[in-house]
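Chain residues, written in single-letter form:
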Amino acid sequence: MIINNKAFSSNGLTYTIRSAVEKDAKVLSELRLQIDGETENLDREEGEAFIDIQGFKQLVKTDTELTRNLFLVAVVQDTIVGFSRCEGTYLHRFTHKVEFGVCVLKEFWGHGIGKNLLKESIHWADSNNIKKITLNVLETNEKAIKLYSKLGFEIEGVLLKDKILSDEKYYNTVIMGRFNE
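The present account deals with the structure reproduced in this document. Residue numbers run consecutively from 1 along every chain, following the written order of its sequence. Totals for whole chains, interfaces and linings use all residues, but because this is a predicted model, local features are given only for residues with pLDDT of at least 70 and pairs of side-chain atoms are given and counted only at 80 or more. Values shown for side chains rest on all heavy atoms present in the structure; no hydrogens or waters enter the calculation.

## Here's the deal with the layout of surface pockets
Then, in step 1: A cavity here means a set of 1 Å grid points, computed over protein atoms only, where a 1.4 Å probe fits but cannot escape. A pocket is an open set with protein on both sides within 12 Å along at least 5 of 7 lines, and lining residues have an atom within 4 Å of a point. Grid points are joined across faces, edges and corners, and a volume is the space filled by probe spheres set on the points. Put simply, the largest pocket is a space of about 1300 Å³.
Then, in step 2: Around the largest pocket, the lining is made up of 41 residues, and of these Leu-42, Gly-101, Val-102, Cys-103 and Tyr-148 lie nearest the centre.
Then, in step 3: Among the elements of the structure, α1 (25–36), α2 (53–65), β4 (79–88), β5 (97–104), α3 (113–127), β6 (132–138) and α4 (142–150) are those that each provide at least two residues to the lining of the largest pocket.
Then, in step 4: Broken down by class, the residue content of the lining of the largest pocket amounts to 20 nonpolar, 10 polar and 11 charged.
Then, in step 5: Estimates place the volume of the second largest pocket at around 180 Å³. Labels follow the DSSP assignment, with helices taken as runs of H or I lasting at least four residues and strands as runs of E lasting at least two, numbered in each case from the N terminus. Each residue is assigned to one of three groups, with Ala, Val, Leu, Ile, Met, Phe, Trp, Tyr, Cys and Pro labelled nonpolar, Asp, Glu, Lys and Arg labelled charged, and all others, Gly among them, labelled polar.

Below, the structure is given as structure tokens:
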């Protein structure tokens, strides 16, 4: 699915959120690799589940063509600094929902980029009769949990000892969902 470009400004930074396009594939591949190495809040360590340029081209193509998918990028001065995806399924029992994921370069945290990627995704979902958005978040990412709660997400469950981080300790994953009635 495609959305219209939208401009934002926060803490002295101006950026645009737009739909991903095929020519973004190379940057997206490099960006994902970099972001995975900047935080333990995501599922992957740097280099794991690597998606190459062709893989991102296919993701963008699929997400553009399918009405239950959305791939957004955040752009600062012609440079992509973050992205988000909503991915649905066509299994009949699950056609009412999509799963949301987001990542932003650490250098650009604190400018509302992740929040606005999520808000645009919520707007898209609500406008396209998608009733539920789900996401997973590491229990220690309290800032994200607070943001998701503010935007109408509720904790639906916790996966105990779901991840092992660099300190070799186990951490829980919080499952959250937002239902649009």
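There's more to say after this.
## Focus on the nonpolar core
Then, in step 1: Remark: nonpolar core denotes a set of buried residues (Ala, Val, Leu, Ile, Met, Phe, Trp, Tyr, Cys) joined through side-chain atoms within 4.5 Å. When accessible area is computed with a 1.4 Å probe and restricted to protein chains, residues below 20% of their type maximum are described as buried, those above 50% as exposed, and intermediate ones as partly exposed. In terms of nonpolar packing, the biggest core is built from 47 residues, with Ile-113 and Phe-153 touching the most fellow members.
Then, in step 2: With 7 residues, the single largest contributor to this core is strand β3 (residues 70–76).
Then, in step 3: The contact criterion used is simple: two residues touch if any of their non-hydrogen atoms lie within 4.5 Å. Non-local contacts of Ile-113, meaning those with residues more than four positions away in its chain, are made with Leu-13, Tyr-15, Ile-17, Ala-74, Val-81, Val-104 and Phe-108.

## A look at empty space enclosed by the protein
Then, in step 1: Inspection of the entire model under this criterion finds 1 cavity of 30 Å³ or more.
Then, in step 2: A volume near 40 Å³ is recorded for the largest cavity.
Then, in step 3: In terms of lining residues, the largest cavity is bounded by Ser-29, Arg-32, Leu-33, Asp-36, Gly-47, Glu-48, Phe-50, Ile-51 and Phe-56.
Then, in step 4: Sorting elements by how many residues they give to the lining of the largest cavity places α1 first, with 4 residues.
Then, in step 5: Broken down by class, the residue content of the lining of the largest cavity amounts to 4 nonpolar, 2 polar and 3 charged.

## Structural notes on the pattern of salt bridges
Then, in step 1: What counts as a salt bridge is simple: a side-chain nitrogen of Lys or Arg found within 4 Å of a carboxyl oxygen of Asp or Glu. According to the stated counting rule, one finds 10 salt bridges in the structure shown.
Then, in step 2: Glu-120 is the salt-bridge partner of Lys-6, the closest N and O atoms lying 3.3 Å from each other. Placement of the pair is Lys-6 in strand β1 (residues 6–10) and Glu-120 in helix α3, with a sequence separation of 114 residues.
Then, in step 3: The exposure class of Glu-120 is buried, given its relative accessible area of 10%.
Then, in step 4: Salt-bridge contacts for Glu-156 lead to Lys-132; the nearest nitrogen and oxygen are separated by 2.9 Å. A residue pair is termed long-range when its members are at least 10 positions apart, and Glu-156 in strand β7 (residues 154–164) and Lys-132 in strand β6 qualify at 24 residues.

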